[in-house]
Amino acid sequence: MSHLHCILRAQRRLRWGPVASVSWLLLRTHRTHSSSSGAACPSAEGPQEDGAQKDFSSRLATGPTFQHFLRSAAGPQETLSSPDEEDSPPYLTVDELLGRQRKVYLETYGCQMNVNDTEIAWSILQKSGYLRTSNLQEADVILLVTCSIREKAEQTIWNRLHQLKVLKTKRPRSRGPLKIGILGIRSIMRGCDNMCSYCIVPFTRGRERSRPVTSILEEVRKLSEQGLKEVTLLGQNVNSFRDNSEVQFNNAVSTNLSRGFSTNYKTKQGGLRFAHLLDQVSRIDPEMRIRFTSPHPKDFPDEVLQLIHERDNICKQIHLPAQSGSSRVLEAMRRGYSREAYVELIHHIREFIPGVSLSSDFIAGFCGETEEDHLQTVSLLQEVQYNMGFLFSYSMRQKTRAYHRLKDDVPQEVKLRRLEELITVFREEATKANKTFVGHAQLVLVEGLSKRSATDLCGRNDGNLKVIFPDVEMEDVTNSGLRVRAQPGDYVLVMITSASSQTLKGHVLCRTTLKDSSAYC
């Protein structure tokens, strides 16, 4: 079974009828318009339709993500959204995380790693207020956990979905809709050696280990041949990647840490590092966008930044988890850097990569966090002006260093108040940052129709911001005189006319290629 270690951006959302919302966590695909325009819903007799089965994984990949389940499974909201309202922000609010005692049924296929993935998904759901059930008939949410949809696994999942369709159609309306999803987590590396005091990953995923570079490159080549337009290299500490699969790799020169950063483990020597992998992946297809997540700030040596600056197809977008703006809290978190070192890294990145988009993670209410610590985090948000943010209140996990050595002494109501304050400041500063795009052309990879309007299309710019624009005819710069309408998987240039904390809007200029767009952007 293949272990593809990439995330692929969503091409379009399918309407699954009775099967309803089907998600593929962290896996989304972009195909060229020639291969995507004929996508259709599976029929009730799906298993005997060989053509439909062959394209099953690509169509399955276009459903909502795991976060959509957390948002939508909480039940109907009292206030209906208007067509003019924007999509949900890229972080989860307190209300969206509430499971409200709904029951989830988890079914695992594959190896022990998938069993681990199941337990991680359950820990998230449990913390959010869901209950676990072993009775399929009781379930409000059904999640099938598998590593990939290939060959025998594809047939198994296909058959299981059609069995579950019957369960869904028989469900009483009084119980609300049954949510059915498929989860799969696939990465270029697993585990983490950082041992941050709040984090459970080293205890659930173990120590860091990386896939051989050759196997990753082989899969990316296959994806390119299939017409996929965007790949995100995924790892729990992705830029700590180190391939030691062959003896000669151990003679490779180790890279340096970011200036002012330290580790909680002994310095590692040898191995093919992330800069090598990023270099090789970006050479495979100049028309394929490359992203990576989630990195640690300590592992951004200049050779990685130089690659991002030089290669047009490596997105100028970096996720830089800060977690806190207080050096005292960062020390308690065992993050290996101070606020000053982190801010210096931000300045260094922006000097290396002008116009880079930045995103970050923040935890509100960590052990011992004072009001002054909280205000320092607020001030960091104001100073950096991130384009995107992922903000959460702290929740202590068993097995972690914090569980054994620190006290979860910030009251829950204080955590939530601080979280809301961080969200408010983030929105204000992100709006300011995103308004700098107004009046500039952005290269956008088209995903499909906007969720808010049937007359608009949506896609993502190089910085991973959502861009909305009218679905109209445009010039095709690669075919002089030809007028076209954008399809999922196309690159288009969009002149930005307005911006918010979450979305850019504009009017389309032309259809282009990634290579040709450099003359305009």
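**Q** Even after reading the chapter, I still don't get the overall build of the protein chain, so can you show me in this structure?
**A** The helix and strand tally for the protein chain stands at 16 helices and 21 strands. Within the protein chain, the proportion of its 521 residues that are buried is 56%. Element-wise, carbon and sulfur atoms account for 51% of the exposed surface of the protein chain, whose accessible area totals about 22,700 Å².

**Q** Help me understand the packing of aromatic side chains in this model?
**A** Each aromatic ring pair is characterised by the separation of its centres together with the angle its planes make. Under the definition given, this model contains seven aromatic pairs. Measuring from centroid to centroid gives 5.6 Å for Phe362 and Tyr386, while their planes differ by 70 degrees, and the two rings are edge-to-face. Here Phe362 is found in strand E13 (residues 357-364), whereas its partner Tyr386 is found in the loop between helix H13 (371-384) and strand E14 (388-393), with 24 residues between them in sequence. Of the residues examined, Phe362 reaches a relative accessible area of 2% and is grouped as buried. Note on Tyr386: relative accessible area 2%, which makes it buried. Arranged with centres 4.9 Å apart and planes meeting at 75 degrees, the rings of Phe366 and Tyr394 form a pair that is edge-to-face.

**Q** When you look at the pairing of strand E8 (residues 230-234) in this model, what are you seeing that I'm missing?
**A** Looking along a regular strand, one sees side chains alternate from face to face of the sheet. With respect to burial, E8 is a largely interior element, five of its five residues being buried. Every second residue of E8 is oriented toward a common face, with Glu230, Thr232 and Leu234 on one face and Val231 and Leu233 on the other, all of them buried. In terms of strand pairing, E8 meets strand E11 (residues 289-293) through five bridges, oriented parallel. Across the sheet, Leu233 pairs through a bridge with Phe292, a residue of E11.

**Q** Teacher, can you tell me more about the sheet that holds E13 here?
**A** In sheet architecture, strand pairing relies on hydrogen bonds along the backbone and comes in two forms, parallel and antiparallel. Sheet architecture is open: three strands sit in the order E12-E13-E14, paired in parallel fashion. The open sheet has two edge strands, strand E12 (317-319) and E14, and neither has a second partner. Between one strand and the next, the sheet's axes are offset by a mean angle of 10 degrees, whatever the strand orientation. Direction of pairing for E13 relative to E14: parallel, over a ladder of six bridges. Looking at E14, one finds that Asp361 is bridged to Phe390. Strands E13 and E14 of the sheet are contacted by helix H15 (residues 412-434), whose axis makes an angle of about 170 degrees with E14.

**Q** Is there a simple way to think about H13 in this case?
**A** Given 3.6 residues to a turn, an α-helix orients residues that are three or four positions apart in the same direction. Compared with an ideal rise of 1.5 Å per residue, which puts 14 residues at 20 Å, H13 spans 20 Å between its outermost C-alpha atoms and is within 8% of the ideal. Along H13, the positions that sit buried rather than exposed are Asp373, His374, Thr377, Val378, Leu380, Leu381 and Val384. All buried residues of H13 project into a common sector of 155 degrees when viewed along the axis, lining one side. Just beyond H13, the residue with positive phi is Gln385, at close to 60 degrees.

**Q** Explanation requested: the packing of helix H9 (residues 274-284) against helix H10 (residues 302-310) in the structure shown.
**A** If you want to describe how two helices pack, look at the angle between their axes and the distance between the axes. Running from amino to carboxyl end, H9 crosses H10 at an angle of 15 degrees, the nearest separation of the two axes being 9 Å. The angle between H9 and H10 falls in the class roughly parallel. Helix-helix and strand crossings are classified by hand; for H9 and H10 the assignment is left-handed. Between H9 and H10, the residues in contact are Phe274, Ala275, Leu278 and Asp279 and Glu303, Val304, Leu307 and Ile308, respectively.

**Q** Which parts of the structure should I look at to understand the nonpolar core?
**A** Generally speaking, nonpolar side chains in soluble globular proteins are found buried as a group. Counting 70 residues, the largest nonpolar core has Leu233, Phe274, Leu277, Leu278, Ile318 and Tyr386 as the members making the most contacts within it. Non-local contacts of Leu277, meaning those with residues more than four positions away in its chain, are made with Ile188, Val213, Ile216, Leu217, Leu233 and Phe241.

**Q** Honestly, unusual backbone geometry in this entry has me stumped. Any pointers?
**A** Between Thr293 and Ser294 the backbone carries a cis peptide bond, its omega angle lying at 0 degrees. Relative to the helices and strands, Ser294 resides in the loop between E11 and H10. A positive phi angle, near 60 degrees, is found at Arg334, a position not held by glycine. Position of Arg334 among the secondary structure elements: in the loop between helix H11 (327-333) and helix H12 (339-352).

Reading guide: rules and limits
- Residues numbered from 1 in each chain as written.
- Predicted model: local features only at pLDDT ≥ 70, side-chain atom pairs only at ≥ 80, totals over all residues.
- Heavy atoms only, no water.
- Helix = DSSP H or I, 4+ residues; strand = E, 2+ residues; numbered from the N terminus.
- Buried < 20%, exposed > 50% of the residue type's maximum accessible area, 1.4 Å probe, protein only.
- Areas by Shrake-Rupley, 256 points an atom, 1.4 Å probe, with all protein chains shown as cover.
- Phe/Tyr/Trp six-rings, centres within 6.5 Å; stacked < 30°, edge-to-face > 60°.
- Pairing = 2+ DSSP bridges.
- Axes fitted to C-alpha atoms, helices over the stretch in contact; angles between N-to-C directions.
- Contact = heavy atoms within 4.5 Å.
- Expected span 1.5 Å × (residues − 1).
- Arc of directions from axis to C-beta.
- Parallel < 35°, antiparallel > 145°, perpendicular 65-115°, else oblique.
- Left-handed = near helix turned anticlockwise from the far one by under 90°.
- Core = buried A, V, L, I, M, F, W, Y, C linked by side-chain atoms within 4.5 Å.

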